[in-house]
Amino acid sequence: MLVRAVLAVALLATAGLFMRTVTASLSVEVIGLTHEDNPRWWAERPVNNQSSAACADCHEAATEAAAASAHATVNCDSCHGAAREHIDLARSGQKAPLPLADARDLCTSCHAGLASRPADFPQVDPVTHGAPANGVTSSCTSCHNPHDPGFPPVVKHQLEGRPDCLACHGPDQWQPVPPSHADRTGDSCLKCHKPGEGA
Amino acid sequence: MDGYVFPNEVEIQWSLLIVLYPFITGLVAGAFVVSSLYHVFNIKSLKPVASFSLLMALSFMLVAPLPLLAHLGRPERGILIFLTPNFTSAMSGFGYIWMFYLILLLTETWLVFRPDIIHYARTTGGFKGLVYRTLTLGMAEMSEEDHQFREKAIKVLAAVGIPAAALLHGYVGFLFGAIKANPWWSTPLMPVIFLLSAIVSGIALLIVMYVVVMKLLGRPVDHDCISSLGKWLLAFLVIDLVIEGLEILSMAYESEDSWEVVSELIVQRIPVSYFGIQLLLGSLIPMVILGALAAQARREGASPVIFAAALLVLVGVFAMRWNVVIGGQMISKSMRGFTSYTPPLGGREGVLAASVLLMLPFYIFSVIVSFVPPWERPAVDEGERSPEPGEAVPAWEGADSGARGGAWDWERR
Amino acid sequence: MPISRRRFVKLGAHAAFGGLLVYTLRGIVLPQSTPRAADAEGNSAYDQYRPGDHDWAFVIDTMKCIGCGRCARACKQENNVPWEPQCNRTWVERYSFTGDGEVTVDSPAGGINGFADEPLPEEVRGKKITKSFFVPKLCNQCDNSPCVQVCPVGATYKTADGIVLINRDKCIGCRYCIQACPYGGRYLLPDEGVADKCTWCYHRITRGRLPACVEACPVGARKFGDLRDPESAVSKILAERNVSVLKPQMGTKPQAFYLELDGEVV
């Protein structure tokens, strides 16, 4: 008899509790597991990609140049990687360089010629454009400044790593010397063009 | 992978275990329907398997949540389906429908076998006796009112259990059929198709298990019963095939934008499984066999043929679950490609795990029948009472239990 | 009396089930919009932010996209998404028309590495490409979202400002939502066993910033804004130009709108 009574009470209690969850408008609230805290959890995730403005604090020159150039819409993070950690470390005095991928990969990801790209978007054939000349291979940054790309590119480039001026400036190369230079030889370039001064 | 598949779709999400779950719940629903056909509609030819099928349903019901649990990304949170169900989700139905149906099954089984339990509790000692006495739940006697209540309650439960079984398997069909994102799944006919193939698989498994168990025990098989089961199997098989055929014909005729990928799925990706196993081997051939048998007068030799047909049906229904679950996920939502799936051997969702889960209900069944064998009912028959305290308990050991007479005497024809 | 007590208990159980059934049916007859969670006013950086004041929307201009893949990369970096191929909050598809009536779509690694170094799809090689473009995709934060509808435990929900989020503490990893999304926007986080998807960088937009993919896009193919602000980029576009959504026939009411969406894009 007692066993039956206990069973009946247990069953009724369970059924009652179950009905209570049914009649609640959102069962989650009855059990106490509401969603109220969850949007806050999502809203408090760390922001990893910083906009270019955050880089200006330390890297004024590059940021300013980029902001005024055709690459104004290219976020620093999209080439240099998510900068939050780098900024946090830098602000606390430590250096944390952001490793950069190979320039050719970074540049061709946007500028390699593809049929699917809008025709009015600047794109080149990565195989023939800037092809190795006289055994000197080039990276895109040999001629193009990523922070201030011009069209056509005007680059004040270092002479280091570029021993043969005629590789690029020879008569049949990309940027041949003007006719005024016709009678000059390759070893006389440095008499007028000082390192770092470019054209 | 073939064609274009959305990047997130390359690996399918619902594996072999999710093929197993509707197969198992389908068997439960089917077995229960057979039991209810006897208890509610008094189909006398099904009496030999009425209690047998109840125990079979219970065994599979206990295993049903396991493939789901094993498949969850966070199995330890599975209880949340019971605690915080979101009622707009068909899957939340698993919680309350399964629980309710388990309670119903347990109650009905307990009521059906209660006189036996009381009898065994009185006559068995040791550990087994302790189990029996626990199972009596402290109510070790049955008065005349108890008997009347028992009979009425069994009828009520068996009756309620039919729509409940429909719900148990229908919700699974709705779970798939309500996903508009998947063209192979999305159809209002899905709950009906699932339910019909469930009943078909349940009857088929019952035939197979009944014959196998009886042969293992060296007991005679009731051929009338098998013949009757065969006819019920045929009837449901026909309806099932009609509805399934209607669905695919309708899709082919209306030829919506999704028909291109759906037709490629069934014709090029899963033709063997769909046309070969599900339709031909699992439906058409058994239908022809059973139809031919049904047209003739009942014969002794019919039983092995019905047994073979039942085996084919079982394979066909498993293939149907596979075709729905896996086939549906093979189609990319891009409508432009297909992905593929081969179940791994090991791991939580592999072939070994699925095999263990499939073998488990049979083991559970063997344990249950070692306590309450449905083919030996020493204390009960329709219209008979369990002995009153003090009354002599008739001997029940030995093959000649014909002392109680009636329909329990297999040998008599 | 044993019988009446038992009968009473059974009646109670059946009444409970009946009530449950009625309530379930009520839940199934759906409103045409996903209900939004109550406006939570709490305390944190989220303090100054009132979700109910905003209604976020996304606009994608497929004619501008150059398929550089920076959006996809920025997203993975921003949200710590595993780099595995099956975890894509956003991805870029390439459509190639070859003039023989065939359209080929591909998305190598979801566009993470751009398309410059990826070979053309096999079906297209050697043929003349007559028309080709890129289509960025992401979660549409549907107003009538099927993923919220099918979550069995209510782990995914729509905020007052229109973003569909997933409560990682509640998700049981059943993957029903992944099946229900018509756009392939969801995936299972491999290590945590819970569902995940694009959140339109909820942590950024609630701080007044733009989603990472929008900021990373060098050509302005992605635009983001508040529909409650008539001066925002998205409000202006929606007011002045023809936009469309993906799979409108599904009735999901996506909040990501596309400009110049070709009919072949699904």
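All values derive from a computational prediction rather than experimental measurement. (Residues numbered from 1 in each chain as written. Chains lettered and ligands numbered in written order. Predicted model: local features only at pLDDT ≥ 70, side-chain atom pairs only at ≥ 80, totals over all residues. Heavy atoms only, no water.)

### Focus: the sheet that holds strand β11 (residues 256–259) of chain C
All names here are of chain C. Taken together, four strands build an open sheet; the order of strands is β9-β1-β11-β10 and the sheet is mixed. The strands lining the two open edges of the sheet, one partner per strand, are β9 (222–226) and β10 (243–244). Relative to β9, strand β1 (residues 56–61) runs antiparallel, the two sharing five bridges. Its bridge partner being in β9, Ala57 is matched across the sheet by Gly225. Sitting on the sheet, helix α7 (residues 233–240) touches β1, β9, β10 and β11, and the angle it makes with β9 is about 100°. (Pairing = 2+ DSSP bridges. Helix = DSSP H or I, 4+ residues; strand = E, 2+ residues; numbered from the N terminus. Contact = heavy atoms within 4.5 Å. Axes fitted to C-alpha atoms, helices over the stretch in contact; angles between N-to-C directions.)

### So, the domain arrangement of chain A
Residues and elements named next belong to chain A. What the domain assignment lists for chain A is domain 1 (46–100) and domain 2 (101–175). Contacts between domain 1 and domain 2 engage ten residues on the former and eight residues on the latter. Note on domain 1 versus domain 2: buried area summed over both sides is about 680 Å², and carbon and sulfur give 57% of it. Seen at the junction of domain 1 and domain 2, the total is zero salt bridges. Between the two partners, domain 1 and domain 2, sit two residue pairs in polar contact (both at pLDDT 80 or more). Every element with two or more residues in the side of domain 1 that touches domain 2 is listed here: α5 (60–67) and α6 (76–80). With three residues, the top contributor of residues to the side of domain 1 that touches domain 2 is α5. (Domains from an automatic or database assignment. Buried area = accessible area lost by both parts, 1.4 Å probe. Salt bridge = Lys/Arg side-chain N within 4 Å of Asp/Glu carboxyl O. Polar contact = N/O pair within 3.5 Å; in protein donor to acceptor, adjacent residues only side chain to side chain.)

### Section: the sheet that holds strand β3 (residues 103–106) of chain C
All names here are of chain C. Here three strands make up an open sheet; going across it, the order is β3-β2-β4 and the pairing antiparallel. The open sheet has two free edges, formed respectively by β3 and β4 (131–138), since each of these has just one partner strand. Neighbour-to-neighbour, the strand axes of the sheet open up by a mean angle of 20°, direction not taken into account. Sheet topology places strand β2 (residues 90–97) next to β3; four bridges connect them, and they run antiparallel. Bridge pairing links Phe97 to Val103 in β3.

### Some points on the pattern of salt bridges
Close approach of charged atoms allows side chains of opposite charge to pair. Residue and element names in this part refer to chain C. Evaluated as defined, the whole model comprises 23 salt bridges over all chains. Between Lys64 and Asp61 there is a salt bridge, and its shortest N-O distance comes to 3.7 Å. Take Lys64: its relative accessible area is 35%, and that puts it in the partly exposed class. For Asp61, a relative accessible area of 8% puts it in the buried group. Between Arg241 and Glu260 there is a salt bridge, with its nearest N and O atoms 4.0 Å apart. Separated by 19 residues along the polypeptide, Arg241 in the loop between α7 and β10 and Glu260 in the segment after β11 bring together distant segments of the chain. Relative accessible area serves as the criterion here: at 37%, Arg241 is assigned to the partly exposed category. Via salt bridges that share partners, Arg89, Arg168, Glu192 and Asp196 belong to a single interconnected network. (Buried < 20%, exposed > 50% of the residue type's maximum accessible area, 1.4 Å probe, protein only.)

### Notes on the packing of aromatic side chains
This structure, assessed with the given rule, holds 33 aromatic pairs over all chains. Seen from their ring centres, Phe58 of chain C and Trp200 of chain C are 5.4 Å apart, and the 40° between their planes marks the pair as tilted. One end of the pair, Phe58 of chain C, is in strand β1; the other, Trp200 of chain C, is in the loop between β8 (195–197) and α5 (202–205), and 142 residues separate them in sequence. Both residues of the pair, Phe58 of chain C and Trp200 of chain C, belong to the buried class. Each member of the aromatic cluster is reached from another via a ring pair, and the members are Trp14, Phe176, Trp185 and Phe194 of chain B together with Tyr176 of chain C. Arg45 of chain A extends its terminal NZ or CZ atom over the ring of Trp41 of chain A, reaching a point 3.8 Å from the ring centre. Taking NZ or CZ as reference, Arg321 of chain B lies 5.0 Å from the ring centre of Phe194 of chain B, over its face. (Phe/Tyr/Trp six-rings, centres within 6.5 Å; stacked < 30°, edge-to-face > 60°. Lys NZ or Arg CZ within 6 Å of the ring centre and 35° of its normal.)

### Considering helix α2 (residues 47–63) of chain B
Between its terminal C-alpha atoms α2 of chain B stretches 26 Å, which fits the 24 Å expected from 17 residues at 1.5 Å a residue. Of all the 17 residues making up α2 of chain B, 16 are buried; the element is thus mostly covered by neighbouring parts of the structure. (Expected span 1.5 Å × (residues − 1).)

### A look at the pairing of β4 of chain C
All names here are of chain C. Of all eight residues in β4, seven are buried, a share of seventy percent or more. Inspection of the sheet shows β2 paired to β4 by eight bridges, in the antiparallel sense. Opposite Phe97, over in β4, you have Lys131 as the bridge partner.

### Some remarks on the interface of chain C and chain B
Listed per partner, the contact involves 63 residues of chain C and 46 residues of chain B. Across the contact surface, chain C and chain B share two salt bridges. Mapped onto the side of chain C that touches chain B, the elements with two or more residues apiece are α1 (2–28), β2, β3, α3 (146–150), α4 (176–180) and β7 (186–188) of chain C. A per-element tally of the side of chain C that touches chain B places α1 of chain C first, with twelve residues.

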